[in-house]
Amino acid sequence: MTERHAVRCTHDRHAPAILAILNDAIVNSTALYDYQPRNADNMRSWFDAKRQGGYPVIGIEDAAGELLGFASYGAFRAYPAYKYTVEHSVYVRADQRGQGLGLQLMEAIIEEARLNDVHALVGAIDAANAGSIALHQRLGFQSVGLLPQVGFKFGRWLDLAFYQLLLHTPAHPVDG
């Protein structure tokens, strides 16, 4: 097995690799319900939003320092009462799928959520993405809803499945 290790992603070091991974997902899959590839300006604002929100971007690099995949989370909804809930995402470079990187990234992002007193992680997954659904179920995520035909891409309607993992954090949640 090739050596690989987790890193904190930064704009300066990882933006081009993250952009390539995201654009591959946009162009070739329904992992993102987006039509147009993103650009370098999108990456700057994406990283700025992560930094301002205190949201992690965790990557897996190989021994040569190449980014193989990444995971992150951000606000679930913009209302204050959702402050303990995040929506996460995980993406693995196309040539690296099926090697356990998704699991490694998900475990890292779940641990990060615990450390940051997140209570609920929500994943919005294309309902036809059996691999992602199986990964989430393996990690204890529960199916909490299905929104039929809310997306349209590649000439067909897409169903969006929601999976949720509840953590035992925070110890003392507060309003406000």
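Calculation criteria
- Residues numbered from 1 in each chain as written.
- Predicted model: local features only at pLDDT ≥ 70, side-chain atom pairs only at ≥ 80, totals over all residues.
- Heavy atoms only, no water.
- Helix = DSSP H or I, 4+ residues; strand = E, 2+ residues; numbered from the N terminus.
- Expected span 1.5 Å × (residues − 1).
- Buried < 20%, exposed > 50% of the residue type's maximum accessible area, 1.4 Å probe, protein only.
- Arc of directions from axis to C-beta.
- Contact = heavy atoms within 4.5 Å.
- Polar contact = N/O pair within 3.5 Å; in protein donor to acceptor, adjacent residues only side chain to side chain.
- Core = buried A, V, L, I, M, F, W, Y, C linked by side-chain atoms within 4.5 Å.
- Pairing = 2+ DSSP bridges.
- Lys, Arg positive; Asp, Glu negative; His and termini not counted.
- Salt bridge = Lys/Arg side-chain N within 4 Å of Asp/Glu carboxyl O.
- Axes fitted to C-alpha atoms, helices over the stretch in contact; angles between N-to-C directions.
- Parallel < 35°, antiparallel > 145°, perpendicular 65-115°, else oblique.
- Left-handed = near helix turned anticlockwise from the far one by under 90°.
- Nonpolar A, V, L, I, M, F, W, Y, C, P; charged D, E, K, R; others polar.

Enquirer: Quick question: what am I supposed to make of helix H2 (residues 40-53) here?
Expert: In an α-helix, one turn spans 3.6 residues, which is why side chains three or four residues apart end up on the same side. In a regular helix each residue adds 1.5 Å, so 14 residues correspond to 20 Å; H2 covers 20 Å between its end C-alpha atoms and thus fits that length. Along H2, the positions that sit buried rather than exposed are Met 43, Trp 46, Phe 47 and Lys 50. The buried side chains of H2 occupy one side of the element, clustering within an arc of 95° when seen end-on. Of the exposed residues in H2, the ones pointing more than 90 degrees away from its buried face are Asp 41 and Gln 52. In this structure, the buried side of H2 is in contact with helix H1 (11-28), strand S2 (57-62) and strand S3 (67-75). For H2, the N-terminal capping position is held by Asn 39, with its side-chain oxygen 2.9 Å away from the main-chain nitrogen of Asp 41. Looking one or two places after H2, you find Gly 54, whose phi comes out positive at around 70°.

Enquirer: It is not clear to me how the nonpolar core should be interpreted in this structure. Could you clarify?
Expert: Side chains that are nonpolar tend, in soluble globular proteins, to be buried together. In this structure, Met 106, Ile 109, Ile 110, Leu 121, Leu 139 and Phe 141 are the most contacted members of the largest nonpolar core, which totals 26 residues. Broken down by secondary-structure element, the contributors of at least two residues to this core are S2, S3, strand S4 (85-92), helix H3 (101-115), strand S5 (120-126), helix H4 (130-138) and strand S7 (156-166). Top element by residues in this core is H3. It accounts for 7 residues. If sequence neighbours within four positions are ignored, Leu 139 has contacts with Leu 103, Met 106, Glu 107, Ile 110 and Leu 165. Membership of the second largest hydrophobic core comes to 16 residues, among which are Ile 26, Leu 32, Trp 46 and Tyr 91.

Enquirer: Just checking my understanding: could you explain the pairing of strand S6 (residues 142-153) for this structure?
Expert: Note on strand geometry: in a regular strand, side chains alternate between the two faces of the sheet. One ladder, built from 8 bridges, connects S6 with S7; its direction is antiparallel. Residue pairing for S7: Gln 142 is matched across the bridge by Gln 164. Here S6 folds back onto S7, and the loop between the two strands holds 2 residues, one of which, Phe 154, carries a positive phi near 55°.

Enquirer: Please clarify how the side chain of Lys 50 should be interpreted in this entry.
Expert: Looking at the secondary structure, you find Lys 50 in helix H2. Buried within the structure, Lys 50 lacks any salt-bridge partner; its nearest side chain of opposite charge belongs to Glu 87, at an N-O separation of 9.3 Å. Apart from the residues within four sequence positions on either side, Lys 50 is in contact with Tyr 55, Val 57, Ser 72, Tyr 73 and Gly 74.

Enquirer: What is the right way to look at the pattern of salt bridges in this model?
Expert: Any two side chains of opposite charge can pair if their charged atoms end up close together. If you walk through the whole model with that rule in mind, you get 8 salt bridges. The salt bridge involving Glu 61 is made with Arg 13; its shortest N-O contact spans 2.9 Å. Placement of Glu 61 in strand S2 and of Arg 13 in helix H1 is noted, with a sequence separation of 48 residues between them. Taken together, the shared-partner salt bridges connect Glu 66, Arg 93 and Asp 95 into one network.

Enquirer: Quick question: what am I supposed to make of the packing of H3 against H4 here?
Expert: Helix-helix packing is described using two parameters, namely the angle between the two axes and the distance between the axes. Where H3 contacts H4, the two axes come as close as 11 Å, and the packing angle between them is 45°. One way to sum up the angle between H3 and H4 is to call them oblique. Along this stretch, H3 crosses H4, giving a crossing that reads as right-handed. Note on element contacts: H4 touches H3 through Leu 135, His 136 and Arg 138, opposite Gly 102, Leu 103 and Met 106. Residue composition of the contact of H3 with H4, by class: 3 nonpolar, 2 polar and 1 charged.

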